[in-house]
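Single-letter residue listing:
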Amino acid sequence: MRTQTRNSDLYLLIVVGIIAAFGPFVTDFYLPALPSLGEYFHTTASRVQLSLTFSMVGLAVGQLFIGPLSDKYGRKKTLLESLVLFCMATMGCLYAPDIHWFIFFRLLQGMTGAGGVVISKSIATDLYEGRELARFYALLSSVQGLAPICAPVLGGLLLETTDWKGIFWILLAIGVSLVIALCFFKESLPVEHRVNGKALASFRHYLPVLRNKRFIGYVLAQAFAMGVMFAYIAASPFIFQEHYRLSPLAYSLCFGANALAIMLGSLTVPFFRTVERALKAGSVGFGGVSLLVAGVLMADAPVAVVECGLFVFLLFLGLILPSSTTLALDEERSNSGNASAVLGFLIFLFGGVFSPLTGLGNILYTTGIIIVLCSLGTWMCVYRVCRKTYKTPFCFAPTPSDDAPTA
């Protein structure tokens, strides 16, 4: 770890973990309230669903702006300002006079909530290196991976005692609490390491980031993997509740079990000799088990078989998320804000593209096909990066990096 004045590891883990999960949590927390929103605003289901789409668009685009600004002005200032704006956007949602204003404020919520997603990765890159960075990303990814899966379940439980406005009041309370907690955060990016010149100059650093083929390879590997997770989130209510007729409680238990699988996979990364090996194992297992999961879905296998397949499948997803993040951002440590922004943008772009495709035709077949295609996309990206970098097929021979002292 770099020797500099910083917060305790416990503070960093809790606060940075929460802000990392905040963006996805904001997007999915209100999903169970979508029908009641349609009744409240006297509008159609498709218009209400636009609020989800625009939130994801904001979450993706916001990172492209907030990441470079944090390289210029520092992590703390940029993050605090984005969270204050988030609180204002949440108030706008609560008092929106119609569905169009509500969609507009959801877009702003996504853009401002993106600050936590992108800056949390940059903070980790500022403070940690090597195995410590991999270990921190493992914990961070387990929290960030849980957020979009657990948020709808928590939202559904909350609707038992309140309405959709209660959900947004809680989001506002979380935002205010984070602003207070971040007042104690010690800036992780020293002034001498910030981008010099005008603010627009920081956006020029996107060019070298986008030209780094290894960085893009690792980013695309994670983007395909997250495409699977967003597709699973979109399809799971229809598969488990409508097709297999599970009760809301049984569905929540399946959701929770799969969230646990992602966490367990993420926490396993530090036990590998190098981060490269963790990513190799994750991508190979991800691609192989995707065929099994698609097969049991298309065969309409019993729900217990489907759930077991998904559990093993998401274990490998847990391996991929922190290892690909670590390797990608290690490639662009000097431009970590821009690099984190590109990573976050592509993740939510892929999620926004693949998740609605599960509703086309027979959901069991389309979900199975998307799972296989995205998993193979992850496998191919990792294969190509390792092949070009180390001149060897990664799944058959060790690479020079396997013997590196840090990973």
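Please refer to the structure higher up on the page.
Cut-off values and rules
- Residues numbered from 1 in each chain as written.
- Predicted model: local features only at pLDDT ≥ 70, side-chain atom pairs only at ≥ 80, totals over all residues.
- Heavy atoms only, no water.
- Axes fitted to C-alpha atoms, helices over the stretch in contact; angles between N-to-C directions.
- Helix = DSSP H or I, 4+ residues; strand = E, 2+ residues; numbered from the N terminus.
- Parallel < 35°, antiparallel > 145°, perpendicular 65-115°, else oblique.
- Left-handed = near helix turned anticlockwise from the far one by under 90°.
- Contact = heavy atoms within 4.5 Å.
- Nonpolar A, V, L, I, M, F, W, Y, C, P; charged D, E, K, R; others polar.
- Buried < 20%, exposed > 50% of the residue type's maximum accessible area, 1.4 Å probe, protein only.
- Core = buried A, V, L, I, M, F, W, Y, C linked by side-chain atoms within 4.5 Å.
- Patch = residues over 30% accessible without salt bridge, like charges linked within 9 Å, V, L, I, M, F, W, Y side chains within 5 Å.
- Areas by Shrake-Rupley, 256 points an atom, 1.4 Å probe, with all protein chains shown as cover.
- Salt bridge = Lys/Arg side-chain N within 4 Å of Asp/Glu carboxyl O.

1. Regarding the packing of helix α4 (residues 75-94) against helix α7 (residues 164-182)
Then, in step 1: Following both chains from N to C, one finds α4 and α7 inclined at 160°, their axes separated by 9 Å at the closest point. On the basis of their axis angle, the class for α4 and α7 is roughly antiparallel. The handedness of the crossing between α4 and α7 is left-handed. Of α7, the residues touching α4 (which contributes K76, L79, L80, L83, V84, F86, C87, T90, M91, C93 and L94) are W164, K165, F168, W169, L171, L172, G175, V176, L178, V179 and L182.
Then, in step 2: A class-by-class count of the residues in the contact of α4 with α7 yields 18 nonpolar, two polar and two charged.

2. Examining the environment of N338
Then, in step 1: Checked against the element boundaries, N338 lands in helix α13 (residues 336-354).
Then, in step 2: Under the relative-accessibility criterion, N338 is labelled buried at 0%.
Then, in step 3: Along the primary structure N338 and I119 are separated by 219 residues, whereas in three dimensions their C-alpha atoms are 9.9 Å apart.

3. Concerning the packing of α4 against helix α5 (residues 99-127)
Then, in step 1: At a minimum axis separation of 8 Å, α4 and α5 run at an interaxial angle of 155°. One way to sum up the angle between α4 and α5 is to call them roughly antiparallel. Remark: the crossing between α4 and α5 carries left-handed chirality.
Then, in step 2: The residue makeup of the contact of α4 with α5, split by class, is 10 nonpolar, 10 polar and three charged.

4. Remarks on the nonpolar core
The tendency in soluble globular proteins is for nonpolar side chains to be buried side by side.
Then, in step 1: In this structure, F102, F168 and F215 are the most contacted members of the largest nonpolar core, which totals 119 residues.
Then, in step 2: Top element by residues in this core is helix α9 (residues 213-243). It accounts for 17 residues.
Then, in step 3: Not counting residues within four places of it along the chain, the set of residues in contact with F168 comprises Y30, T90, C93, L94, F102, R106 and Q109.

5. What about a nonpolar patch on the surface?
Then, in step 1: A cluster of nonpolar side chains, contributed by L10, L13, I14 and I18, occupies part of the molecular surface with about 340 Å² of accessible area.
Then, in step 2: In this structure, L13 sits in helix α1 (residues 9-28).
Then, in step 3: Of the residues examined, L13 reaches a relative accessible area of 30% and is grouped as partly exposed.

6. Brief notes about the environment of L107
Then, in step 1: Tracing the backbone shows L107 in helix α5.
Then, in step 2: Each C-alpha atom of the pair L107 and A89 lies 8.7 Å from the other, and the pair is 18 residues apart in sequence.
Then, in step 3: Residue contacts for L107: discarding those within four places in its chain leaves F54, V57 and G58.

7. Some thoughts on the pattern of salt bridges
Then, in step 1: In total, this model carries three salt bridges according to the counting rule given.
Then, in step 2: Between R214 and E331 there is a salt bridge, with its nearest N and O atoms 3.5 Å apart. Here R214 is found in helix α9, whereas its partner E331 is found in helix α12 (residues 303-331), with 117 residues between them in sequence.

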